[in-house]
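Structural features, examined
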Amino acid sequence: MNQESTTTRVMEKPPFDRSISQDSLDELSMEDYWIELENIKKSSENRQEDQEVVVVKEPDEGELEEEWLKEAGLSNLFGESAGDPQESMVFLSTLTRTQAAAVQKRVETVSQTLRKKNKQYQIPDVRDIFAQQRESKETAPDDTESQSLRTNENKYQGRDDQTSNLVGEEKLIPPEETPAPETDINLEVSFAEQALNQKESSKEKIQKSKGDDATLPSFRLPKDKTGTTRIGDLAPQDMKKVCHLALIELTALYDVLGIELKQQKAVKIKTRDSGLFCIPLTVLLEQDQRKVLGTRIPLIFQKLISRIEEGGLETEGLLRIPGAAIRIKNLCQELEAKFYEGTFNWESVKQHDAASLLKLFIRELPQPLLSVEYLKAFQAVQTLPTKKQQLQALNLLVILLPDANRDTLKALLEFLQRVIDNKEKNKMTVMNVAMVMAPNLFMCHALGLKSSEQREFVMAAGTANTMHLLIKYQKLLWTIPKFIVNQVRKQNTENHKKDKRAMKKLLKKMAYDREKYEKQDKSTNDADVPQGVIRVQAPHLSKVSMAIQLTEELKASDVLARFLSQESGVAQTLKKGEVFLYEIGGNIGERCLDDDTYMKDLYQLNPNAEWVIKSKPL
């Protein structure tokens, strides 16, 4: 009876005009979403006294851009911290034209705002900041950047730029029965540059492909001979540079597509400093790490997932069928009191209750899992013209998430994929799971966001599609695009040159023999290793290093296999997956190599690197 009344309410949405055929399709497909929303409202009524609303601060004029420049690592261009703009020149010189335009636009806004406010800060002229960069590009011996950009883009031309969601016209996830053609996604060329180059031709293609969802491609990760770089593979100092570049690239992409990217900032509010629900992720992890050293995902989150899996993932309606609201409220109170003591009786938690508790945990985070700063940007993904651009934006947004949020989101998406893998029995396809989970992730009730019925419907269809992309393409989304890794390499190379020049200057002042220094510097690079041979070390596992001849077919997995088969002692007990081959130094801080990295290709990209076998840090 209760189920019938809920379905009736679902069918009443939305009241605004749409064609009859589209109405019936949308209402039928969206039913799971509206039922979930109804369940959330009931659950909220039962737990209203525990919830706190996060106040989102509306930034003043120029404040948004000032904050953006800080997040992009360019705070020394303005304000009290303004220093010699030369410090940012190395960084700026590695930017693409669209990235540079995005930075320039924000610098201009901040400069104008500071002048209006008559602040006595050093206000650089934006023309001075970018003059050097323009000069260096103009005097470049050849137009290699634009040439390689065109070459790389041609490799990926095809169906990958067809439209999936037209701006203002939300389409639902296409039926899963129709297998889509697969195409590589281009990670070698800046996403914003691709969008700019395709903008004119895309207008025509968008008109032609309007409503033609059947031809949409399914994207896959391209094979990269120098190795795929995943989030977690780089050293912290390089990952920081990646985040700066990802923010600039995301902004440049949105600028090119004419979509406003507004970051929000949460005003600090008083939150509980212990417990399980309504606790900030960072606080929760701090208390969990006192119990389990190095844990990156909240223990309660892990336990709820394992409890659902213990009941079997074949259960029909898993995640869709809610637990009883009163029982969920009582379980929450009991968990708060007994979880860390280890006295909570998990046998009393039914599978659907555990699923409801998992969704409740996500909803009741004081700040959304997708973060206050980027929740609106995640929601705006649905307005990007093509499926490819939506994936590119999601890739950059995942990189920008705080570590705790990103790790927890990854654990959630991996679990959801395991649920979908059992769709034949549990009847939960990727579409069903996306519909059920979207309101839990995208409609942050702690932010007190209200919207009209029409906006709610558009938001529902769009966020369900975005949720679908997050689940289906999680491997691709946790990859750092090659063009960003290359920009980091370029920054490191330029910084090394700058440091070298400073060192030479210092040595000259100190009257040392400069020639002697240069000879020493050269000798450290070639250290008695013959041409075409790399020396692999494992300082924590073996006293001796291993010389390996580079061949066209030699992969990182071959180097590891050779090391593990030859070593004795501690190394002999190690298995594949416990240790990894790292590229250290040269033009990168540190990078964990994937098994399919071709060593000769990587050596040519970074000839001054050292090669070290070790385990991944916790």
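In the block above lies the structure referred to throughout.
In this report, the structure presented in the accompanying data block is examined. (Residues numbered from 1 in each chain as written. Predicted model: local features only at pLDDT ≥ 70, side-chain atom pairs only at ≥ 80, totals over all residues. Heavy atoms only, no water.)

**A short note on the pattern of salt bridges**
Applied cut-off: The rule for a salt bridge is simple: a side-chain nitrogen of Lys or Arg has to be within 4 Å of a carboxyl oxygen of Asp or Glu. Secondary structure elements are taken from DSSP: a helix is a run of H or I of four residues or more, a strand is a run of E of two residues or more, and numbering for both begins at the N terminus.
All told, the structure shown has 21 salt bridges when counted by the stated rule. Between K359 and E36 there is a salt bridge; the shortest N-O distance is 3.1 Å. Of the two residues, K359 sits in helix 13 (residues 351-363) while E36 sits in helix 2 (residues 20-47), which places them 323 residues apart along the sequence. With its nearest N and O atoms 3.6 Å apart, the salt bridge here joins K497 to E494. Taken together, the positions of K497 and E494, both in helix 21 (residues 482-509) and 3 residues apart, correspond to about one turn of that helix. Within the structure, one salt-bridge network assembled from shared partners comprises K105, R106 and D255.

**Here's the deal with empty space enclosed by the protein**
As a reminder, the rule being used: Space inside and on the surface of the protein is sampled on a 1 Å grid over the protein atoms alone, with a cavity defined as a set of points where a 1.4 Å probe fits but cannot get out and a pocket as an open set with protein on both sides within 12 Å along at least 5 of 7 lines; lining residues have an atom within 4 Å of a point. Grid points are joined across faces, edges and corners, and a volume is the space filled by probe spheres set on the points. For this classification, Asp, Glu, Lys and Arg are treated as charged, while Ala, Val, Leu, Ile, Met, Phe, Trp, Tyr, Cys and Pro are nonpolar and the rest, including Gly, are polar.
The tally for this structure, following the rule as stated, stands at 4 cavities of 30 Å³ or more. Each pocket or cavity is described by its volume, and for the largest cavity that value is around 180 Å³. Lining the largest cavity are 19 residues, and of these D224, G227, T228, T229 and K482 sit closest to its centre. Counting residues per element, the lining of the largest cavity draws most heavily on helix 21, which supplies 4 residues. Looking at the lining of the largest cavity residue by residue, the class counts come to 7 nonpolar, 6 polar and 6 charged.

**What about the packing of helix 14 (residues 372-380) against helix 15 (residues 387-400)?**
The condition is simple: Under this scheme, a helix contributes an axis fitted over its contacting stretch, all axes are lines through C-alpha atoms, and angles between N-to-C directions fall in the 0 to 180 degree range. Angles are sorted into four bins: roughly parallel if under 35 degrees, roughly antiparallel if over 145, roughly perpendicular if 65 to 115, and oblique for all others. Any two residues whose heavy atoms approach within 4.5 Å at even a single point are treated as in contact.
Across the interface, helix 14 lies against helix 15 with an axial gap of 10 Å and an inter-helix angle of 170°. Compared by their axis directions, helix 14 and helix 15 come out roughly antiparallel. For the pair helix 14 and helix 15, the contacting residues are Y374, A377 and F378 in the first and L394, L397, V398 and L400 in the second. For the contact of helix 14 with helix 15, the residue count by class is 7 nonpolar, no polar and no charged.

**Things to note about the sheet that holds strand 5 (residues 533-537)**
The test is simple: Should DSSP find at least two bridges between two strands, the strands are taken to pair.
Taking strand neighbours across the sheet as the criterion, the 5 strands line up as 6-5-9-7-8 in an open arrangement whose pairing is mixed. In this open sheet, the two edge strands, each paired with only one partner strand, are strand 6 (546-549) and strand 8 (588-592). Neighbour-to-neighbour, the strand axes of the sheet open up by a mean angle of 30°, direction not taken into account. When strand 5 meets strand 6, the two strands line up antiparallel, connected through 4 bridges. The residue of strand 6 that forms the bridge with V536 is M546.

**Some details on the layout of surface pockets**
Size it by volume and the second largest pocket reaches roughly 1100 Å³. Lining the second largest pocket are 31 residues, with I231, G232, D233, R296 and K616 positioned closest to its centre. Those elements giving two or more residues to the lining of the second largest pocket turn out to be helix 9 (236-256), helix 16 (403-420), helix 20 (474-477), strand 7 (580-585) and strand 8. Across the lining of the second largest pocket, the residue classes tally to 14 nonpolar, 2 polar and 15 charged.

**Comments concerning the nonpolar core**
Rules: We call a set of buried Ala, Val, Leu, Ile, Met, Phe, Trp, Tyr and Cys residues a nonpolar core when their side-chain atoms join them within 4.5 Å. Exposure classes here rest on a 1.4 Å probe applied to the protein chains alone. A residue is buried below 20% of its type maximum, exposed above 50%, and partly exposed in between.
Within the largest apolar cluster, 128 residues are counted, with the highest numbers of intra-cluster contacts made by Y254, L319, L416 and M467. For this core, the leading source of residues is helix 9, giving 11 residues. Once residues lying within four places of it in the same chain are set aside, the contact partners of Y254 are I259, E260, L261, A377, A380, V381, L384, A393 and L397.

**So, the environment of D595**
Of note, D595 is situated in the loop between strand 8 and helix 24 (599-605). Residue classification places D595 among the partly exposed residues on the basis of a relative accessible area of 29%. Sequence spacing of D595 and D558 is 37 residues, and the spatial spacing of their C-alpha atoms is 8.1 Å.

**Topic: the environment of Q237**
Locating Q237 in the fold gives a position in helix 9. Residue class for Q237 comes out partly exposed when judged on its relative accessible area of 46%. Through-space distance from the C-alpha of Q237 to that of E590 is 9.1 Å; in sequence the pair is 353 residues apart.

**Some points on helix 18 (residues 430-442)**
Quick note on the threshold: Each helix should span, by expectation, one fewer than its residue count multiplied by 1.5 Å. To get the bend at a given residue, fit one axis to the seven residues ending there, fit another to the seven starting there, and take the angle between those axes.
Along its 13 residues, helix 18 runs 17 Å from first to last C-alpha, staying within 8% of the 18 Å computed at 1.5 Å per residue. At V436, helix 18 is deflected by roughly 30°, the largest bend along its length, and proline P439 occurs up to four residues later in sequence. Taking burial as the measure, the 13 residues of helix 18 include 13 buried ones, the bulk of the element.

**Overview of the packing of aromatic side chains**
A ring pair, where both rings are aromatic, is described by two values, the distance of the centres and the angle of the planes. The line we're drawing: Only Phe, Tyr and Trp rings are paired, with Trp represented by its six-membered ring, and only when their centres lie within 6.5 Å; those with planes under 30 degrees apart are stacked, over 60 edge-to-face, the remainder tilted. A ring is considered to have a charge above it if a Lys NZ or an Arg CZ atom is located within 6 Å of its centre and within 35 degrees of its normal.
Counted according to the given criterion, the structure contains 7 aromatic pairs. A ring pair is formed by F277 and F361, whose centres lie 6.3 Å apart and whose planes are at 70°; its orientation type is edge-to-face. Within this pair, whereas F277 is found in the loop between strand 4 (265-266) and helix 10 (281-289), its partner F361 is found in helix 13, the two being separated by 84 residues in sequence. For the pair formed by F277 and F361, the shared burial category is buried. An aromatic cluster is present here, built from F339, Y340, F344 and W346 joined pairwise through their rings. Between the NZ or CZ atom of K225 and the centre of the ring of Y598, over which it lies, the distance is 4.7 Å. A cation over a ring is seen here: K614 above Y582, with NZ or CZ 4.7 Å from the ring centre.

**Quick look at the pairing of strand 9 (residues 610-614)**
Burial of strand 9 is extensive: 4 of the 5 residues sit out of reach of the surface. In this sheet, strand 9 lies alongside strand 5 in parallel orientation, the contact comprising 2 bridges. Bridge pairing links V536 to W611 in strand 9. As paired strands, strand 7 and strand 9 are joined by 5 bridges and run antiparallel to one another. Looking at strand 9, one finds that L581 is bridged to I613.

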